[in-house]
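Take a look at the letters that make up each chain.
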Amino acid sequence: MKHSISAALFMGASALAFGVARAQTVPAPAATPTPAPSNEVVVTGSRVIQNGNNSPTPVTVVGAQELQTTHPATVFQSLLDIPTLAGSKGGFSSVPTGNQANSGQISALNLLGLGPVRTLVLFDGHRVSATEQDGLVDANTIPQMLLQRVDVVTGGASAVYGSDAVGGVVNFITDTKLKGVKLNIQGGISQDRDAGQFDGGIAYGTELFGGRGHIEASFERNHNDGILHRYARPQYLQNWTVQGNGCPNGAGSTNCVPFFLMANGTNSALSYGGKIVGPATNPLLNYSFDQNGVLTKFANGSSAGLPTGSAIQVGGDGIDDTSSSLIPRQTLDQAFARFDFNVTDNIHYFLSLSHTLDHEFNYYGNVNSNGITISAQNAFLPAAYQQQLAAAKVSTFTFSKKYGPQSAIPPSNVDNNTDNLYLTTGFSGTFDKYKWDASYVHDVSELDTWSNYTFNNGRLFAALDAVAVTPANVGASGQALGSIVCRTTLTNPGLYPGCVPIDLFGPNSESAAAIAYVRQVGEFVTKLSMDDAAGNLTGAPFNDWAGPVNVAASFEWRRQGLSVNSTSPTVDYAPLNCTGLLYNCTSPSASSLGTPTYNGGVAPRTPVYMTVTEGALETDVPLLRDYPLVRAFDLNLAYRYANYSAVGNPNLSAPTVTDNFVARTWKAGIDWRVNDELTIRATRSQDIRAPNLNELFGTNQGTFTNGNTDYLTNSNLTGTGGLVQVESGGNPNLKPEVAQTYTAGLVYRPLPTLSFALDYFNVDLQDYITTISGATASIQYGCYAGNAADCALQVRPGPLSNTSTANAVTEYLSVPVNASHLTTQGIDFETNYKTTVFDRGFSLRGLLTYQPHIYYYQPGQNRQDYAGALGVPSTFAVIPTTRVTMYAHYQLRPDLDFDWETTWRAGMHQSPDSTLISASSANVGAFSLSNLTLTYKLGMPFSGQGAIYLNIDNIFNTQAPIAANYTASGSPGIQGGSVPGDDPTGRYFRIGLRARW
């Protein structure tokens, strides 16, 4: 039912076949055999308001029937069509990555473009734990086969539900009353005969104990082959890239090159066979091994129109990278079971358990050996070239290579395996005029990431130093004269036993044995846990002059944990011993954490914990009833107090520290029913996101930087004798982000079959957590101006008053800090209409989000506006300023339904920095896709009901507009070809069967 779920998630408020959208939409007749749910529901944004029509906060409620039409993909894929969820991570939006303890393909929901970490995800009203260390929740871990509806709140809800609900809340609600059997089977394939998909699920439910109990269970498997290489689609073959520098010094300045879109880009700093790039005295400089063992002059491409000094060219012998995946391969297995029992007439017990296994595989780019040092007497280097180097007195040379299409080394790839167990149990009941519930959640996620093609640096450095065995060096090694071995085999045979020398001089010169020796499979296991106990009491203790005053009191205690295990820790966390390695390995100094030469892997994180204790009150107060222009006027108030206590330390060798902080959130809202046609609503709230455990206690690691200037002592730090360490990790001194949120809107129903909803939102997010390096010039200047927070990011022997070179910086810190500020505003619009055409049901629904600005402010930087910009950092999402989704439903015959969906996004520009200049080619036009679904209802054996359906996504086979962004300018092709979020698949066919007994 994953496909059925997905479809309805969009159609949510549509009349007739599209259900209850925004809680104000009129109810609709059932379009599937599933019974229609009641409109009287407890909305996500409140614990005291029972009917979504009366919520001051915009809420979209999506019914189960609608989950089976229009776009029968996964739930998450279907949710991406909702305009307010644009920029969600996953689907067609994520850039494949690897070699880390986070999944590059996680399906994480993003409300209002504030970032997925600021969208709170609930399952049956209970908090869901993060599934990776950066705090994101994978929506794929939510059980889908028995999903009844999804509630989406587009406004701050921290006062009701706590941390993370800055952008809003997405609540997945289970159908707890299933009787009988449900079956879903679906298959799909693209017009290009790839991205094959299969989805099969079954569910069963029945009453127990004469109706006092109920049990239900489901299992579902979804598999998608994905599109594992960008070059599988012709539009990606031209190595699209955006080049230029944007003229940071203004139009007409020296070397001013506006950003522009370019085809056939190559990076001339490397070649697929290996390019000799240094030193300047090397007679073989700028020669490349286009054939194994044979040098040819490196052919440069055209640099016309490119910034001076750029390594990027058009054509030539340089490299590109179109090997990364467009869509990952995924297999998702979900099992779910729930038991309910009425202990007494007034006390109800439930227990639910879900288990999700999610495996995803993707390629994320070719492996490089960039800027490595090789001996001029390397045994694999032909003798003629060795003689030329010797004559020029060159003892070593610098070499750069990318393992390309002909190489025996495949692109870097990663397997992400998420194992999630979610258990919920609790009681609920009534006494007198009150309702109560008490629950406990145990949620454990384990993300097991396998980085399958990286190099073991020690083995690589040893294998690169290949020597021939001669009578002078054979010694006691037992190696045959004339054979090629690793130098360490002769000099330090115990350091790298079994070392296999590697030949890099050619497109496919490496032997299988050498590749197997230097290859390292890194495994990174991130475990996140949450135990959550909560209780709620709601009721109307008294009436005022306008009616009952509803009050909700809630309490919550939770404990969250994080740990990371790594078989491949970063080399600057676990320094490489350079004994026996003559080249490439730099021994760490006494003050450093490791070698500055190579970095990679993941630092381990011993378990750390955070405990949160919260209490909240909410009330809904009727103020006026049945006056002229006031059918009803209600005031909604909420307040939450939360105490956080986090225990850990970024320094694993130091004792743990305890970080305590308090968060206070509140909300005030009004719901003014002017008459039966018009409702006006508004909210004002203070919402928070607490720092997560990785931001607080991420393990300290060291990297190194050179070429820095210490502006206090006016010292060139490289010139004073070497590299300066930059230490990164968590920051135990973080405090919560705080958002001031405003919403205001109206709902207008001029006819029982026609409705409009218009809502304005404005979010001002202060103390935004971002990572800043003390090496940044603006941070240094800020320190000298007296900003203590900036001064804390640099380490020096003496006080700031000492300007001598002896007091130059010895270390910079690069840590998350509460230093930035983000604001956004926009409108959400929705319309629904139903009627009959030729006595058959017909309905239309439209959703629009207009978000003209997402302003980001960071000290020392120009203001960035991420709305509508392609060139955003990897920590932000590409979000068009205007997003529209339109739905149409028509009942062609009593047994045949027609559903149509069209999505549209506005055109986009290149840079979020308005001071930078772009040519028109760097921007991209608007894009629209349309999907068609035909559903034929039929009887099933044994008195069942069913339907078969045909779905065609992108029915017109529209190609996504060509696009790229300047943040990936150094690797032509790797992210070029389309806008993140645009579907690159092309026309796609699905056929499926749904049945119910």
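Rules used throughout
- Residues numbered from 1 in each chain as written.
- Predicted model: local features only at pLDDT ≥ 70, side-chain atom pairs only at ≥ 80, totals over all residues.
- Heavy atoms only, no water.
- Helix = DSSP H or I, 4+ residues; strand = E, 2+ residues; numbered from the N terminus.
- Rg over C-alpha atoms; globule rule 2.2 N^0.38 Å.
- Buried < 20%, exposed > 50% of the residue type's maximum accessible area, 1.4 Å probe, protein only.
- Contact = heavy atoms within 4.5 Å.
- Areas by Shrake-Rupley, 256 points an atom, 1.4 Å probe, with all protein chains shown as cover.
- Lys, Arg positive; Asp, Glu negative; His and termini not counted.
- Charge placed at Lys NZ, Arg CZ, Asp CG, Glu CD.
- Disulfide = S-S within 2.5 Å.
- pLDDT = per-residue confidence, 0-100.
- Salt bridge = Lys/Arg side-chain N within 4 Å of Asp/Glu carboxyl O.
- Phe/Tyr/Trp six-rings, centres within 6.5 Å; stacked < 30°, edge-to-face > 60°.
- Lys NZ or Arg CZ within 6 Å of the ring centre and 35° of its normal.
- Polar contact = N/O pair within 3.5 Å; in protein donor to acceptor, adjacent residues only side chain to side chain.
- Pairing = 2+ DSSP bridges.
- Core = buried A, V, L, I, M, F, W, Y, C linked by side-chain atoms within 4.5 Å.
- Patch = residues over 30% accessible without salt bridge, like charges linked within 9 Å, V, L, I, M, F, W, Y side chains within 5 Å.

1. Description of the overall build of the protein chain
Helices and strands together make up the secondary structure of the protein chain, namely 10 helices and 44 strands. Relative to a compact globule of 997 residues, whose C-alpha radius of gyration would be 30 Å, the protein chain shows 31 Å and is just as compact. By its C-alpha atoms, the protein chain is 100 × 70 × 65 Å across when sized along the principal axes. Within the protein chain, buried positions represent 58% of all 997 residues. Long-range contacts, defined as pairs at least 24 residues apart, comprise 72% of the intrachain contacts of the protein chain with a sequence gap of at least 6. By element, 57% of the accessible surface of the protein chain is carried by carbon and sulfur atoms, the whole surface being about 36,700 Å². Each charge class in the protein chain can be summarised by its mean position, and for the 55 positive and 73 negative side chains these summaries are 1 Å apart.

2. Looking at the state of the cysteines
Following the criterion strictly, the structure yields three disulfides and no others. In this model Cys486 forms its disulfide with Cys499; the gap between the sulfur atoms is 2.0 Å. Measuring handedness by torsion sign, the sulfur bridge of Cys486 and Cys499 sits at about -80 degrees and is left-handed. Pair noted here: Cys486 is in strand S23 (residues 484–486) and Cys499 is in the loop between helix H6 (487–491) and helix H7 (512–518), with a separation of 13 residues, a long-range link.

3. Brief notes about the confidence of the model for the protein chain
Averaged over every residue, the pLDDT of the protein chain is 87; residues scoring 70 or more account for 91%. Low pLDDT, under 50, characterises residues 1–41; the predicted model gives this stretch 201 contacts beyond four residues in sequence or across chains. The low-confidence segment residues 589–599 (pLDDT under 50) makes 37 contacts with residues lying over four places distant or belonging to another chain.

4. Regarding unusual backbone geometry
Residue Pro279 follows Gly278 across a cis peptide bond; omega there is -5 degrees. Mapped onto the secondary structure, Pro279 falls in the loop between strand S12 (275–278) and strand S13 (287–291). Despite not being glycine, Cys247 has its phi angle at roughly 55 degrees, a positive value. Topologically, Cys247 is positioned in the loop between strand S9 (241–243) and strand S10 (260–262). Cys247 gets classed as buried once you look at its relative accessible area, which sits at 1%. You will see that Asp839, though not glycine, has its phi angle at about 65 degrees, which is positive. Tracing the chain through its elements places Asp839 in the loop between strand S37 (811–837) and strand S38 (840–857).

5. A few points about the pattern of salt bridges
Scanning the model with the defined rule gives 26 salt bridges in all. Note that Arg631 and Asp676 form a salt bridge whose closest N and O atoms lie 2.5 Å from each other. In this pair, Arg631 sits in strand S27 (residues 630–648) while Asp676 sits in the loop between strand S28 (657–673) and strand S29 (678–689), placing the two residues 45 residues apart along the sequence. We classify Arg631 as partly exposed; its relative accessible area is 32%.

6. Concerning the packing of aromatic side chains
All told, the structure shown has 26 aromatic pairs when counted by the stated rule. Taken together, a centroid distance of 5.5 Å and an interplanar angle of 85 degrees make the contact between Phe209 and Phe341 edge-to-face. Separated by 132 residues along the polypeptide, Phe209 in the loop between strand S7 (197–208) and strand S8 (213–224) and Phe341 in strand S16 (residues 329–342) bring together distant segments of the chain. When its relative accessible area of 23% is taken as the criterion, Phe341 is described as partly exposed. An aromatic cluster is defined as three or more aromatic residues linked by ring pairs; in this entry it consists of Phe289, Tyr385, Phe397, Phe399 and Phe505. Directly above the aromatic system of Tyr453 lies the positively charged group of Arg519, at a separation of 4.2 Å from the ring centroid. Seen from the ring of Tyr855, Arg863 lies directly overhead, with NZ or CZ sitting 3.8 Å from the centre.

7. A short note on helix H5 (residues 457–464)
In terms of burial, H5 is a largely internal element, seven of the eight residues being buried. Those residues of H5 that fall on the buried side of the exposure criterion are Asn457, Gly458, Leu460, Phe461, Ala462, Ala463 and Leu464. At its buried positions, H5 is contacted by strand S18 (368–375), strand S21 (434–455), strand S22 (466–468), S23, H6 and H7. The opening residue of H5, the one whose side-chain oxygen lies 3.2 Å from the backbone nitrogen of Gly458, is Asn456.

8. Re the pairing of S13
One ladder, built from three bridges, connects S13 with strand S14 (residues 294–297); its direction is antiparallel. Its bridge partner lying in S14, Tyr287 is registered against Lys297. Between the end of S13 and the start of S14, which pair antiparallel, lie two residues, with Gly293 showing a positive phi angle near 75 degrees.

9. Re the environment of Ser645
The residue Ser645 is located in strand S27 in this model. Residue classification places Ser645 among the partly exposed positions, given a relative accessible area of 22%. In this structure the C-alpha to C-alpha distance between Ser645 and Tyr609, which are 36 residues apart in sequence, comes to 8.4 Å. For Ser645, the side chain forms a polar contact with the side chain of Asn660, separated by 3.0 Å.

10. Topic: the nonpolar core
Phe397 and Phe399 are the most contacted members of the largest nonpolar core, which has 37 residues in total. Of all the secondary-structure elements, those providing two or more residues to this core are S18, helix H4 (383–391), strand S19 (396–402), S21, H5 and H7. Ranked by the residues each element gives to this core, the list is headed by H5, at five residues. Among the nonpolar cores identified, the runner-up in size contains 26 residues, and Leu146, Val152, Phe172 and Leu178 belong to it.

11. Points about the environment of Arg558
In this fold, Arg558 is placed in strand S25 (residues 547–566). For Arg558, a relative accessible area of 2% gives the class buried. Here the alpha-carbon distance between Arg558 and Val441, two residues 117 residues apart in the chain, equals 8.9 Å. Residues within four places of Arg558 in sequence aside, it is in contact with Arg127, Ser163, Met530, Asp531, Asp532, Met610, Thr611, Val612, Glu614 and Tyr644. Here Glu556 takes part through its side chain, which lies 3.4 Å from a polar atom of the side chain of Arg558.

12. Some remarks on the sheet that holds strand S2 (residues 119–123)
Read across the open sheet, the five strands follow the order S1-S4-S5-S2-S3; overall the sheet is mixed. The sheet is open, and its two edges are formed by strand S1 (59–62) and strand S3 (126–127), each paired on a single side. Across two bridges, the pairing between S2 and S3 is antiparallel. Bridging across to S3, Phe123 finds its partner in His126.

13. As for the side chain of Thr665
In this fold, Thr665 is placed in strand S28. Side-chain polar atoms of Thr665 contact the backbone oxygen of Ser158, separated by 3.5 Å. Not counting residues within four places of it along the chain, the set of residues in contact with Thr665 comprises Ser158, Ala159, Ala638, Tyr639, Arg640, Gln686, Asp687 and Ile688.

14. Notes on a nonpolar patch on the surface
Together, Tyr639, Tyr641, Val662 and Trp666 line one region of the surface with nonpolar side chains, adding up to about 330 Å² of accessible area. Those elements giving two or more residues to the nonpolar patch turn out to be S27 and S28. Here Tyr639 lies in strand S27.

15. Things to note about the side chain of Asp544
Inspection of the secondary structure puts Asp544 in strand S24 (residues 519–544). Despite its burial, Asp544 remains without a salt bridge, the nearest opposite charge being carried by Arg625 at 7.4 Å. Within the structure, Asp544 has its side chain in polar contact with the backbone nitrogen of Ala546 (distance 2.8 Å). Beyond its immediate stretch of four places on either side in the chain, Asp544 contacts Val549, Val621 and Pro622.

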